[in-house]
Amino acid sequence: MPAPSQNTSRRDIALAALAGITPTPGVSKPDPIIVADHVVRKFGGLTAVNVSHLEIQRGAITALIGPNGAGKTTFFNLLTGFDQVDEGSWSFNGVKISGTPPHKVARMGMVRTFQLTKALYRLTVIDNMRLAATKQKGESILRAALPFLWNDQEKAATARSEELLTRFKLIDKRDDFAAALSGGQRKLLEMARALMVEPELVMLDEPMAGVNPALKQSLLGHIKDLREDGMTVLFVEHDMDMVRDISDWVIVMAQGVIVAEGPPNIVMRDKAVIDAYLGAHHDSTLEQDRG
Amino acid sequence: MDFIFIAQQSFSAALGVNTIIFALAAIGLNMHFGYTGLLNFGQAGFLAVGAYSVATLVVSFNFPLWAALLAGILNSVILALLLGLPTLRLRADYLAIVTIAAAEIIRQIARSATFNKYLGGSDGITGKFGKDFFDLNPFKDGLDTPFLRYNGNDLWVVVTGWALVIVVLFVMWLLVRSPWGRVLKAIREDEEAVRSLGKNVYLYKMQSLIIGGIVGSFAGFVYALSRQSVQPDNYGTALTFFAYTVLILGGAARVFAPIAGSIIFWFLLVFIEQMLRQAVGAGYIPEWLIGVNQVGQIRFMLVGLGLMMLMIFRPQGIFGDRKELALDARA
């Protein structure tokens, strides 16, 4: 990615890159960070995911939407190694990562959050953050009992954690247990913690679920900031206002298959999408079901 | 009633050999259960492996004691690998099932007639396998004060045992406050989250199982050496659950909890027994209510009652933080 000049934001660059693309399922992108082929996951007789081809554009915010049970979260789990596919393969930055265990996927720079927030409750907020720092010497059993080997690194991780906590307005909660945070604050903590891994691709599974409207605005701002900082964002969401507001590209899944993709304003008028998903309610905000 | 005698017996027990054994067993469990959230219900198996390694290798195979101790540590590592390799990728409950079964298998093998020649069957092994250890004893005369009383051999076990406990505890303290320990605590909270942050959860759980198992085998060494004998039925499930009692009494995931829990547990057990025995002997408790032969059982009932009260009024244990315990109820 070229660095943005003063007048062009990363948003403009992402939109320009995606501008000329035909909005059809499986269309190829100029600079894909993820390329998936023939990804199939079956649960007994049910085919939860059946994606024949998909590319995710680098540097853009891509939304993955679809009705409950469409296979969005399953697809997320497959891409990040948390679930095993029956068929298919995919690559991240041109490297094939299908079959790679989740911790290795994360180390490669592809970090996810969860639909049901996974704050580590009986760890303090700052420890939640420090945990996520990468390549920590003190995490090896051979060095753990010798603090002088990792003290400097720990200080650096603490400083970076505090910086991120300040940005996410959680610094006041630094020494509280994560369990003492509100639902929305836990979402913020989870996102901040994911950033400690220094990811290239951030995958957010329903970042807005259970977040109050005031906090929603700041969460939206944070997600846009991720793109401006040069990261790629892929998120699953039910909140249509949010999808319209922040995504550069929208992918629609229904019954495991990608039925449409394209820029938000075009996709939301797509007949297939309205039939498969939006129904008569496409103008109103959909219920935030956890599905 | 002879209160001096009661005090002497109780305090000697509070700092005695059994306290050391259960403190070590509980330190191992604290690593497994308290910090990593691993439900190891087979800690008795690790103690048995430690104890039998020493007794069998010295008595039947003429190993020098130091080599038998090293082999005991190695064997406990092998046991941890055997238990962990198939189960640590699965949900937590599988480890619980496998460990409780494994500890029973070890006990049954030790009792079996097939290996009678080496393991001594249900009688176990009695012999002078601790000779090398007791030869080093500088306190041959023992200790006899109004509060503490040990014979020569016991005093040597107590002194070296507490030294061992302190060293083990210091290493534990260093480990759990390190980034390594932080990963363990995070795994206890939610292992998927830890995976999503790029940590190899399986590796950490295995390391925790091995370290806690080695400390368990230390408890087995003390058990075997202090009695100069090993008996298979000492390593039943009751031992594991007493070790859990000691740990939870002190407060799980607190470094000093196993020591405090063990001291209190053994103090109470002996204190109640001696009180009852003397009270029955002196006629304060009528014979029709509690007979002399029933004291042994009744002390366990009373200790159990006491522990229930503790769990009701102080569920977090002696060192625990009630606020932290409340966080367990996931929002």
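Residues numbered from 1 in each chain as written. Chains lettered and ligands numbered in written order. Predicted model: local features only at pLDDT ≥ 70, side-chain atom pairs only at ≥ 80, totals over all residues. Heavy atoms only, no water.

Summarise the nonpolar core; cite the residues concerned and give the values.
Counting residues in hydrophobic clusters, the biggest one holds 153 residues, and the most contacted among them are Leu 189, Ile 223 and Phe 235 of chain A together with Leu 24 and Tyr 235 of chain B. Each of domain 1 (10-119 + 199-279) and domain 2 (120-180) of chain A contributes no fewer than three residues to this core. Apart from residues lying up to four places away in sequence, Leu 24 of chain B is in contact with Leu 164, Val 165, Val 168, Val 215, Phe 218, Ala 219 and Val 222 of chain B. Within the second largest apolar cluster, 32 residues are counted, among which are Ala 14, Leu 79, Met 110 and Val 236 of chain A. (Core = buried A, V, L, I, M, F, W, Y, C linked by side-chain atoms within 4.5 Å. Buried < 20%, exposed > 50% of the residue type's maximum accessible area, 1.4 Å probe, protein only. Domains from an automatic or database assignment. Contact = heavy atoms within 4.5 Å.)

Just give me the short version of the UniProt feature "transmembrane region" (unreviewed entry) in chain B, but keep the residues and values in it.
As annotated by UniProt and renumbered to match this structure, "transmembrane region" (unreviewed entry) occupies residues 6-29, 41-59, 65-85, 155-176, 209-226, 238-257 and 297-313 of chain B. Across residues 155-176 of chain B one finds 100% helix and 0% strand; the C-alpha atoms that close the span lie 31 Å apart. (UniProt positions renumbered as here; feature names shortened; annotations may be inferred. Helix = DSSP H or I, 4+ residues; strand = E, 2+ residues; numbered from the N terminus.)

Can you lay out unusual backbone geometry for me, pointing to particular residues and giving the numbers?
Positive phi outside glycine occurs at Glu 206 of chain A, with the angle close to 50 degrees. Examined against the element boundaries, Glu 206 of chain A turns out to sit in the loop between strand S7 (201-205) and helix H8 (213-228). The exposure class assigned to Glu 206 of chain A is buried, which follows from its relative accessible area of 2%. A positive phi angle, close to 55 degrees, is found at Asn 62 of chain B, a residue other than glycine. Within the element layout of this structure, Asn 62 of chain B appears in the loop between helix H3 (43-59) and helix H4 (65-87). We classify Asn 62 of chain B as exposed; its relative accessible area is 66%.

Tell me about the layout of surface pockets, and name the residues and values.
Approximately 720 Å³ is the volume attributed to the largest pocket. Lining the largest pocket are 35 residues, with Arg 122 of chain A together with Phe 33, Thr 36, Gly 37 and Arg 188 of chain B sitting closest to its centre. Those elements giving two or more residues to the lining of the largest pocket turn out to be helix H2 (17-35), helix H5 (92-111), helix H9 (179-189), helix H10 (191-196) and helix H15 (322-326) of chain B. Within the lining of the largest pocket, the residues separate by chemical class into 13 nonpolar, eight polar and 14 charged. By volume, the second largest pocket is sized at about 460 Å³. If you trace the second largest pocket, you find 17 residues lining it, with Val 49, Tyr 52, Ser 53, Asn 75 and Ile 106 of chain B closest to the centre. Those elements that place two or more of their residues in the lining of the second largest pocket are H3, H4 and H5 of chain B. Broken down by element, the residue count for the lining of the second largest pocket peaks at six residues, all from H3 of chain B. The residue inventory of the lining of the second largest pocket, partitioned by class, reads 14 nonpolar, three polar and no charged. (1 Å grid on protein atoms, 1.4 Å probe; cavity = no way out; pocket = protein on both sides within 12 Å on 5 of 7 lines; lining within 4 Å. Points joined across faces, edges and corners; volume = space filled by probe spheres on them. Nonpolar A, V, L, I, M, F, W, Y, C, P; charged D, E, K, R; others polar.)

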